Amino acid sequence: MKVGIVVFPGSNCDRDTEHAFEKVLGVGVERLWHKDSDIKGVDAIVLPGGFSFGDYLRTGAVARFSPIMESVADFAARGGRVLGICNGFQILLEAGMLPGAMLPNRSLRFICRDVMVRVEQTGAPVVSKLRQGQLLRIPVAHYEGNWFCDDETLARVEAEGLPVLRYCDATGLVSDATNLNGSRNNIAGLRNAAGNVVGMMPHPERCAEPALGGIDGRALLEGLLS
Amino acid sequence: MKVRVFVTPKKGVLDPQGVVIETGLRQLGFAGADQVRVGKVIDLVVHTDDRDDASARVHAMCKTFLTNPVIEDYTFTLDEAP
């Protein structure tokens, strides 16, 4: 098992993600430089968090044209597992690999804290180690995490059961009051129809071992490789 | 040809900056003004003298890169003056 972690200029969670897979889960890691197109035979790919290309123009808008992204899209089209975390999620949206787009948080504040999310389903490898309805405490750190799409797309996303995580409170209540950033239907994580591509704003790599104050993210990373 | 692209949040897309600015205007006593929306302007020069050619090229740029059609609309002006 080998995980590829894409490194863009401005990625800043790539080493944390590498640590989580390599040192915590004991899985081999390959760094995939954005200018390369060889994915080095990896079994799964993570697009890590950060500020690729300085978030210029729109978050993820420039990164999606990196040579590596063509290989990532081919890999996903063949059923390969891809997880986008935070900026990685934003890149997947810009690349059209997941539906919708990101807006600035409703509060116009950069939000950096632990949040509660509810697992909506277990129909994608990333969430396959969890239970539906399970609550996870995971850190977020973003300014543009307010997931948006039009009504028609939202209806399709819900009908196809694409949401994997929703912002909630400690009791699992999903409501406008527990909506962290204004995302439509409190969506914190999404999958594609096939389930092999998942994007999420929370950072599982930041809570995968007790030393970091929480281990709720670990099952998501394990799920990617399950 | 000089091009000026105006990018604005699509109708129905929440624009928190616009909301905050509108509140500011009201607090400063500028009555009778609302529906504030904040966008951005992108200037560029397209190397052609043909307006149709310039227009087609700018539309293509806007659709693939300069805007995200899920959340943004755009218009642009063409100016032949050097």
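How each quantity is defined
- Residues numbered from 1 in each chain as written.
- Chains lettered and ligands numbered in written order.
- Predicted model: local features only at pLDDT ≥ 70, side-chain atom pairs only at ≥ 80, totals over all residues.
- Heavy atoms only, no water.
- Helix = DSSP H or I, 4+ residues; strand = E, 2+ residues; numbered from the N terminus.
- Buried < 20%, exposed > 50% of the residue type's maximum accessible area, 1.4 Å probe, protein only.
- Contact = heavy atoms within 4.5 Å.
- Phe/Tyr/Trp six-rings, centres within 6.5 Å; stacked < 30°, edge-to-face > 60°.
- Buried area = accessible area lost by both parts, 1.4 Å probe.
- Salt bridge = Lys/Arg side-chain N within 4 Å of Asp/Glu carboxyl O.
- Nonpolar A, V, L, I, M, F, W, Y, C, P; charged D, E, K, R; others polar.

This part is about the environment of A:Gly4. Residue and element names in this part refer to chain A. Mapped onto the fold, Gly 4 is located in strand β1 (residues 2-7). Relative accessible area serves as the criterion here: at 0%, Gly 4 is assigned to the buried category. Taking the C-alpha atoms as reference points, Gly 4 and Ala 159, separated by 155 residues in sequence, lie 32 Å from one another. Excluding residues within four positions of it along the chain, Gly 4 makes contact with Glu 30, Leu 32, Val 42, Ala 44, Ile 45 and Val 46.

Our next topic: the packing of aromatic side chains. A complete count under the given rule lists two aromatic pairs over all chains for this structure. Consider the rings of A:Phe65 and B:Phe65, whose centres lie 5.2 Å apart with planes at 90 degrees: the pair is edge-to-face. Pair noted here: A:Phe65 is in the loop between β3 (44-47) and α2 (67-77) and B:Phe65 is in helix α2 (residues 51-66), and the two residues belong to different chains. A relative accessible area of 45% means that A:Phe65 is categorised as partly exposed.

In this section: the interface of chain B and chain A. With 16 residues of chain B at the contact, the number on the chain A side is 17 residues. Summing both partners gives a buried area of about 1,200 Å² for chain B against chain A, and 71% of it is carried by carbon and sulfur. At the surface where chain B touches chain A, the tally comes to one salt bridge. One salt bridge connects B:Glu72 with A:Arg58, and the closest N-O pair in it is separated by 3.8 Å. Of all the secondary structure elements, the ones that give two or more residues to the side of chain B that touches chain A are α1 (16-27), β2 (40-45) and α2 of chain B. Across the side of chain B that touches chain A, the residue classes tally to nine nonpolar, five polar and two charged.

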